Structure formats: structure tokens, C-alpha cells
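So the chains spell out like this:
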Protein chains: 2
Amino acid sequence: MNKKGQLIVISGPSGCGKGSVINKLLKENENIILSTSMTTRNKRLNEIEGKDYLFVSKDVFMSKINKNEFVEYAEYCNNFYGTPKEFIQKNINLGKVIILEIEVNGALQVKKNFSEATFIFFMPPSLKTLKDRLINRNTESLEKISVRLKTAMEEITRSHDYDFILTIDTVDNSCYNLSSIINSLYFKYENSKKIIYEVLKNA
Amino acid sequence: MNKKGQLIVISGPSGCGKGSVINKLLKENENIILSTSMTTRNKRLNEIEGKDYLFVSKDVFMSKINKNEFVEYAEYCNNFYGTPKEFIQKNINLGKVIILEIEVNGALQVKKNFSEATFIFFMPPSLKTLKDRLINRNTESLEKISVRLKTAMEEITRSHDYDFILTIDTVDNSCYNLSSIINSLYFKYENSKKIIYEVLKNA
């Protein structure tokens, strides 16, 4: 069966475990890839063009914005970052599942520009758990953690724009549940019209 | 996590392999049960009340129809058969997944009376495969098989009322895919409002 490609947009509070779950998913599925962003910032020495980022000039980026060629973009520290529609469409046509990990504002841009994407919000089991995880990382001041928790609450209140809410408990369990969600998409009626047509055509 | 119960309505052409896939699913998941129908027909010797059917008089059945207490019902050979809302609601409250295997007309009745159900259509890989399966069963005349195939085509053309179209290849694969669909339902936004509320409440 020639499966239809998918764009999966994932958001969730910092520290909820997105990275570990997505890494496990990618490791276990050859057909699932991370989205590659386009950026105007300078390439660093250890970075690989086309793998870490697609590096372009500001002029090229601006022209692409004007031609509505991004599913989302944002400016950060005087540099632009965006997800090219062309990259997404090309990989969907190849039957790939593309994971785009992005914060809530970016996800809502994607929703406007690429409505056939599936939106999954990663939820911590509780804000207490999230706080503990951030503290245990031991990389940030309590003050910074407190800002992160406030942001987390704002993000969670905006999770109603997502198709799925995935509570992150263990990495194994969450990865299994994420796989279920992605696998289920292949069988949605909207994605099965071609199959129905083929069965009836060959009657 | 206290998971929400679900009603899963499954239809699909006779001979497409519904029985084998559902049996495997039930065997592997204690939390998944078959729906039990209510009927006005006489109990047979080997049948167990409450397991095979809920046996009631015609008067009781009629009174339940009038009170809109079925998610679907039908008359067949002078007897009535129906799925009581009470049975479904009770098991959903217990967090159970209830499988209701039913033909297309019944499924559309359920859609009207219990819209929160999930509708899955089991699709043969092709009508040729379906025909071969029916012939290999060796239980029916070619004439009867030809009627079944005509019915199958009619059912397939009505599959647009279903949420998912599951092509049945091997039993193992189909059961895995069916499990994915059922598991994914727990994470749908509509089923996660309580979780979001709990996380924010305990902030």
C-alpha cells in the first residue's frame, strides 16, 4: 500500500520531554524525518547545509515570504527562520512523515498555511512534574524556570487548537502513543479516498 | 491515567475478515469488549443471558423503542434486535472500549443516536480478493457469492460516512492498525479536555 505522507506539527512546554520522545520515534522509523528549516543566519562550522538548515540570503528569504512559500516563519535575533512549503510538499509526495517541532505561534501559522497537517500538543502530566524536570536538568536559575512555567501555562491554555493532546509519561509509552496517532492518520477517511476509488474502479 | 471509554462501530463486506481481526483484538485487550444486543427472539439452549444476548419480551422492546433507548435496532425474521444505550453508556463510564460490529444501515442509525462513537469501515484490498475469500470458504453457491459482492460494492460506496477506512490485509497487520486507531482516540482533543483542566487547575 502506497501510504500518503503526513506533516505532524508538535508543540509543548519546554522540559516536557519532546526531544527524547521524538528522537526515539525517528530512531525506530526510517520513514519519519525531521523538518529542515531555512534560515538567513550564517552557517556555523559544524553545520551541514540541507541537514541542519537550508542557508539562504535575506533577499532570497524575503522573496519567498512575498511569494507565500513558507508554512511558517519567524524573526529571531535579527535572523529569519522558516519552514519551506516546497520541502514539506516534496517529502509528503515521497510518502514521508515529517515532524515539525515548533512553539504555539508557529504552529498556528502552519494551521493557516497547511491545514492538512496534524497538530499534536505534548502535555506534562502536571506542572509540578514539569517544574521538577526543569530543576533536575540543573541548567537554569529558579527565576528562569519560573518564567518557563508561566510560558508553559500560557501554551497549555492555547492547546485547544491542536488535534491531539499527548500526556508525556515515560519515553517508551509516549513514543508508542505518538506512533499510534501517526499510524491512525493513514486510515482517516480523508486520506483513503484513493483506496476506495481503486477498489470500486477494479470491480 | 483514567482513560475515557469508547464506542467503536465496525462495518465491512461479508468475507473481508472482520471476525478474525476483531477476535484477535479482543483476545489481546482485556479492556475491549463486544457489544451485547437485546433481542425478542427465544433464547436457545446453549445461549447465555447477558453474554450472547439480553433477552426481553416484545412489549419491553417496543417500550424501549418508544423511549429512544436504543442506539440502533432492526427487525429480522419477525424478531427485533437492538443495542441498548444503557449498555453502551455503562461500559463507557467504566472506561471500556466497546466494539459494535454492524451493517451499514445500523451504523448510520448509531451515528444519529450516539454521535461520539467512532466509525471504522473494513475494506477488502480488492473485490477480487473478497471474491476469492468467499469462494475459498466453500460454504456458498457462486450465485450467493455474486449477491454478496453486489452488496459489498453498495456498502463500499457508502463508506464515506465512516471516520476510518481500514484495508484488511493480514490479520496481524490489520489488528495492529485497528489497535492504533483505537489507541489514538484517547488523545483526541475532544477527549482530553479533562486532562487539560486538571493540569491547569493544579498550577
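For the structure itself, look to the data block above.
Bear in mind that the values here come from a model prediction, so they are computed numbers and not experimental data.

The rules we used
- All residue numbers refer to position in the chain's written sequence, counted from 1.
- Chain labels run from A onward and ligand labels from 1 onward, assigned in the order the entries are written.
- Given that this is a predicted model, residues contribute local features only at a pLDDT of at least 70 and side-chain atom pairs are listed and counted only at 80 or more, while totals for whole chains, interfaces and linings are drawn from all residues.
- Excluded from the side-chain calculations are hydrogens and water; all other atoms, namely the structure's heavy atoms, are used.
- Definitions used throughout: a 1 Å grid over protein atoms alone; a cavity as a set of points that fits a 1.4 Å probe which cannot get out; a pocket as an open set with protein on both sides within 12 Å along at least five of seven lines; a lining residue as one with an atom within 4 Å of a point.
- Grid points are joined across faces, edges and corners, and a volume is the space filled by probe spheres set on the points.
- Ten residues, namely Ala, Val, Leu, Ile, Met, Phe, Trp, Tyr, Cys and Pro, are considered nonpolar, four, namely Asp, Glu, Lys and Arg, are considered charged, and the remaining ones, Gly among them, are considered polar.
- Only buried residues count toward a nonpolar core. Its members are Ala, Val, Leu, Ile, Met, Phe, Trp, Tyr and Cys residues joined through side-chain atoms within 4.5 Å.
- Only protein chains enter the accessibility calculation, which uses a 1.4 Å probe; a residue is then buried when its area is under 20% of its type maximum, exposed when over 50%, and partly exposed in between.
- Every residue pair with non-hydrogen atoms within 4.5 Å of one another is taken to be in contact.
- For two strands to count as paired, DSSP must find a minimum of two bridges between them.
- In this text, helices come from DSSP runs of H or I with a minimum length of four residues, and strands from runs of E with a minimum of two, each type numbered from the N-terminal end.
- In this analysis an axis means a line fitted to C-alpha atoms, helices contributing only their contacting stretch, and an angle means the value between N-to-C directions, from 0 to 180 degrees.
- Less than a right angle of anticlockwise turn of the near helix away from the far helix marks a crossing as left-handed, whereas a clockwise turn marks it as right-handed.
- Copies overlap after least-squares fitting; the atoms used are the C-alpha atoms of residues with pLDDT of at least 70 in both.
- Here's the idea: put two parts together, see how much 1.4 Å probe accessible area each one loses, and the total over both is what we call buried area.
- Salt bridge, as applied in this entry: a Lys or Arg side-chain nitrogen positioned within 4 Å of an Asp or Glu carboxyl oxygen.
- We call two N or O atoms a polar contact when they sit within 3.5 Å, provided that within protein one can donate a hydrogen and the other can accept it, with sequence-adjacent residues counted only if both atoms are side-chain atoms.
- Here the arc refers to the set of directions running from the helix axis out to each C-beta atom.

Novice: Hey, could you run me through the layout of surface pockets in this one?
Specialist: The method is simple in principle: a probe with the dimensions of a water molecule rolls over the atoms, and the space it marks as empty is what remains. Computed from the structure, the largest pocket encloses a volume of approximately 1300 Å³. B:Ser37, B:Tyr53, B:Glu101, B:Ile102 and B:Glu103 are the residues nearest the centre of the largest pocket, which is lined by 37 residues in total. In terms of residue class, the lining of the largest pocket is made up of 13 nonpolar, 13 polar and 11 charged. Put simply, the second largest pocket is a space of about 910 Å³. Lining of the second largest pocket is provided by 26 residues; of these, A:Ser37, A:Tyr53, A:Glu101, A:Ile102 and A:Glu103 occupy positions nearest its centre.

Novice: Quick question: what am I supposed to make of the nonpolar core here?
Specialist: Here is a general trend for soluble globular proteins: nonpolar side chains tend to be buried in one another's company. Within the largest apolar cluster, 100 residues are counted, with the highest numbers of intra-cluster contacts made by A:Leu7 and B:Leu7. When sequence neighbours within four positions are dropped, the list of residues in contact with B:Leu7 reads B:Ile88, B:Ile92, B:Ile98, B:Leu100, B:Val110, B:Phe114, B:Ala117 and B:Thr118.

Novice: Is there a simple way to think about the sheet that holds strand S7 (residues 97–101) of chain A in this case?
Specialist: Strand pairing in a sheet takes place through backbone hydrogen bonds and is either antiparallel or parallel in direction. Residues and elements named next belong to chain A. Strand order in this open sheet of 5 strands is S2-S7-S1-S8-S9, and the pairing throughout is parallel. Edge positions in the sheet fall to strand S2 (32–34) and strand S9 (164–167), since each of these pairs with one other strand and no more. Ignoring which end each strand starts from, the neighbouring axes of this sheet average 30 degrees apart. Here S2 runs beside S7; their pairing, made up of 3 bridges, is parallel. Counted as the bridge partner of Ile 33 is Ile 98 from S7.

Novice: Just checking my understanding: could you explain the packing of helix H5 (residues 127–137) of chain B against helix H6 (residues 142–157) of chain B for this structure?
Specialist: Each packed pair of helices is defined by two parameters, the angle between the axes and the distance between the axes. Residue and element names in this part refer to chain B. Two numbers describe how H5 lies on H6: the axes approach to 10 Å, and their chain directions differ by 145 degrees. You can see that H5 and H6 cross each other, and the crossing is right-handed. Contacts between H5 and H6 involve Leu 127, Leu 130, Lys 131, Leu 134 and Ile 135 from the former and Leu 142, Ile 145, Arg 148, Leu 149, Ala 152, Met 153 and Ile 156 from the latter. Tallied by class, residues from the contact of H5 with H6 come to 10 nonpolar, no polar and 2 charged.

Novice: What should I look at first to understand the relation of the copies chain B and chain A in this one?
Specialist: Between the two copies of the chain lies a rotation about an axis combined with a shift along it. When chain B is fitted onto chain A, the two copies agree to an RMSD of 0.0 Å after a turn of 180 degrees and an axial shift of 0.0 Å. Such a combination of turn and shift is consistent with a two-fold rotation axis. Closest approach to the rotation axis within chain B is made by the C-alpha atom of B:Ser180, at a distance of 2.2 Å. Same-surface contact between copies: 100% of interface residues of chain B are shared with the interface of chain A.

Novice: Just checking my understanding: could you explain the interface of chain B and chain A for this structure?
Specialist: Buried accessible area, meaning the area lost when the parts come together, often serves as the stated size of an interface. At the junction of the two partners, chain B supplies 33 residues and chain A supplies 33 residues. Here chain B and chain A share an interface that buries about 2700 Å² over both sides, 72% of which is from carbon and sulfur atoms. Contact with chain A buries area across many residues of chain B, yet B:Phe187, B:Tyr189 and B:Val199 alone supply 22% of it, more than any other trio. There are 0 salt bridges connecting chain B and chain A. Put simply, chain B and chain A have 9 residue pairs in polar contact (both at pLDDT 80 or more) between them. At the level of elements, H6, strand S9 (164–167), helix H7 (171–185) and helix H8 (193–201) of chain B are the ones that each hand at least two residues to the side of chain B that touches chain A. With 6 residues, the single largest contributor to the side of chain B that touches chain A is H7(B). In terms of residue class, the side of chain B that touches chain A is built from 20 nonpolar, 10 polar and 3 charged.

Novice: What is the right way to look at helix H4 (residues 104–113) of chain B in this model?
Specialist: Side chains that are three or four residues apart share a direction in an α-helix, a result of its 3.6 residues per turn. Residue and element names in this part refer to chain B. Of all the residues in H4, the buried ones are Val 104, Gly 106, Ala 107 and Val 110. The buried residues of H4 occupy an angular sector of 155 degrees when projected down its axis, which confines them to one face. Tucked into the core, H4 has its buried residues touching strand S1 (6–11), strand S5 (70–76), strand S7 (97–101), strand S8 (118–123) and H6. Structurally, the start of H4 carries an N-cap: the backbone nitrogen of Asn 105 is 3.0 Å from a side-chain oxygen of Glu 103.

Novice: Before we go on, may I ask you to explain unusual backbone geometry in this structure?
Specialist: For A:Asn138, which is not glycine, the phi dihedral falls at a positive 60 degrees. Residue placement: A:Asn138 occurs in the loop between helix H5 (127–137) and helix H6 (142–157). Classification of A:Asn138 as exposed rests on a relative accessible area of 69%. At B:Cys77, a residue that is not glycine, the phi angle is positive and equals roughly 50 degrees.

Novice: Explain the environment of A:Tyr81 to me, please; I cannot follow it from the model alone.
Specialist: Residues and elements named next belong to chain A. Topologically, Tyr 81 is positioned in strand S6 (residues 79–84). By relative accessible area, which is 19% here, Tyr 81 ends up buried. When the C-alpha positions of Tyr 81 and Lys 67 are compared, they lie 16 Å apart, and in sequence the two are 14 residues distant. Sequence-distant contacts of Tyr 81, defined by excluding residues within four places in its chain, comprise Met 38, Thr 39, Arg 41, Tyr 53, Phe 61, Glu 72, Tyr 73, Ala 74 and Tyr 76.

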